[in-house]
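Spelled out from the first residue to the last, the chains are:
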Amino acid sequence: MDLPETDAFGAMCRDYHERGDAFEVIERDDGFVDSPAGPEVYFSTPDEWSDREHAALEWAEGHVLDVGCGPGRHALELQDRGHDVTGIDRSPGAMAVARDRGVADVRECDVAAVDGLEETFDSAIMLGNNFGLVGSAERAPEVLGALADATTDDATLVASSLDPLDTDDPAHLDYHERNRERGWLPGRLRIRTRYRRYTGEWHDYLHVAPDTMGELVADTPWSVAEVERDGPLYAARLAKTA
């Protein structure tokens, strides 16, 4: 499978899917480089998931929109439970892997453009910390508004994130302070993925504490109804406000 050299995430997913051998490198715009859990987490099975992840999937209802579906771990489980699932992603490689693994409906779409999809969904999930795809406090209303327009009046939005303030790592604390000096939320990241010869494009990603998520959705059609927390990680069930 030939991929654009900017599709580092997709190349990583492809190689792990085909050979079981790949790695992930995340580069931040201040030069900080991290190698997180790696591609294994994107291919993990339900027996490997936390109670928080299982609780989050229980909140999904009806026809589900999986935002940032990657190679399809959550979409596949929801399909097995009898849900119709539409997965969206921006990575050609990850989408190809998801289809090969059995996700029935995968489309290339930015989260801010989901209101252009033909269907109306009963729920949307942003798992794997994918609430971060809102990018920034400034972009959040656009993304959350598009998700509201793409879903039914009584829809559920399931969003997971990481509390960026739950750390004592000086590299992260210094970055938080840098963001504050710019007038940004501390958990805003400018990152890209690197893998072998592939270098992803720079993009914004946002980690927020639960109370900050509540503030970000306050002026949108959503409200935080329930939170399932596990240390710095958590999942939130958002409901449509009247």
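About the criteria used
Residues numbered from 1 in each chain as written. Predicted model: local features only at pLDDT ≥ 70, side-chain atom pairs only at ≥ 80, totals over all residues. Heavy atoms only, no water. Phe/Tyr/Trp six-rings, centres within 6.5 Å; stacked < 30°, edge-to-face > 60°. Helix = DSSP H or I, 4+ residues; strand = E, 2+ residues; numbered from the N terminus. Buried < 20%, exposed > 50% of the residue type's maximum accessible area, 1.4 Å probe, protein only. Lys NZ or Arg CZ within 6 Å of the ring centre and 35° of its normal. Contact = heavy atoms within 4.5 Å. Axes fitted to C-alpha atoms, helices over the stretch in contact; angles between N-to-C directions.

Participant: Tell me about the packing of aromatic side chains, and name the residues and values.
Facilitator: In this description, a pair of aromatic rings is defined by centroid distance and the angle of the planes. Enumeration according to the criterion identifies three aromatic pairs in this entry. Seen in terms of ring centroids, Phe-9 and Tyr-42 are 5.1 Å apart; in terms of plane orientation they differ by 80 degrees. Their pairing is edge-to-face. With Phe-9 in helix 1 (residues 8–19) and Tyr-42 in the loop between strand 2 (33–34) and helix 2 (51–58), this pair connects stretches of sequence that are 33 residues apart. An angle of 55 degrees between the planes, with centres 4.9 Å apart, marks the rings of Phe-23 and Tyr-195 as tilted. One end of the pair, Phe-23, is in the loop between helix 1 and strand 1 (25–28); the other, Tyr-195, is in strand 8 (residues 188–195), and 172 residues separate them in sequence. Classification of Phe-23 by relative accessible area gives partly exposed; the value is 35%. Over the aromatic face of Trp-222 sits the side chain of Lys-240, whose NZ or CZ is 5.3 Å from the ring centroid.

Participant: Lay out the environment of Val-85 in plain terms, naming residues and giving numbers.
Facilitator: Looking at the secondary structure, you find Val-85 in strand 4 (residues 85–89). Sequence separation between Val-85 and Asp-166 is 81 residues, and the spatial gap between their C-alpha atoms is 33 Å. Discounting residues that sit within four places of it in the chain, Val-85 has contacts with His-63, Val-64, Asp-66, Ala-75, Leu-78, Gln-79 and Asp-105.

Participant: Describe in detail helix 4 (residues 92–101), supporting the description with residues and values.
Facilitator: Among the residues of helix 4, Gly-93, Ala-94, Met-95, Val-97 and Ala-98 are the ones counted as buried. For helix 4, the elements touching its buried residues are helix 1, strand 4 and strand 5 (106–108). Directly after helix 4, the chain includes Gly-102, whose backbone phi takes a positive value near 115 degrees.

Participant: Quick rundown of the packing of helix 1 against helix 4? Include the residues and the values.
Facilitator: Axis separation between helix 1 and helix 4 bottoms out at 7 Å; the angle between their running directions is 30 degrees. On the side of helix 1, the interface is formed by Phe-9, Gly-10, Cys-13, Arg-14 and His-17, while helix 4 contributes Gly-93, Ala-94, Val-97, Asp-100 and Arg-101.

Scope: geometric values only; no functional claims are made or implied.
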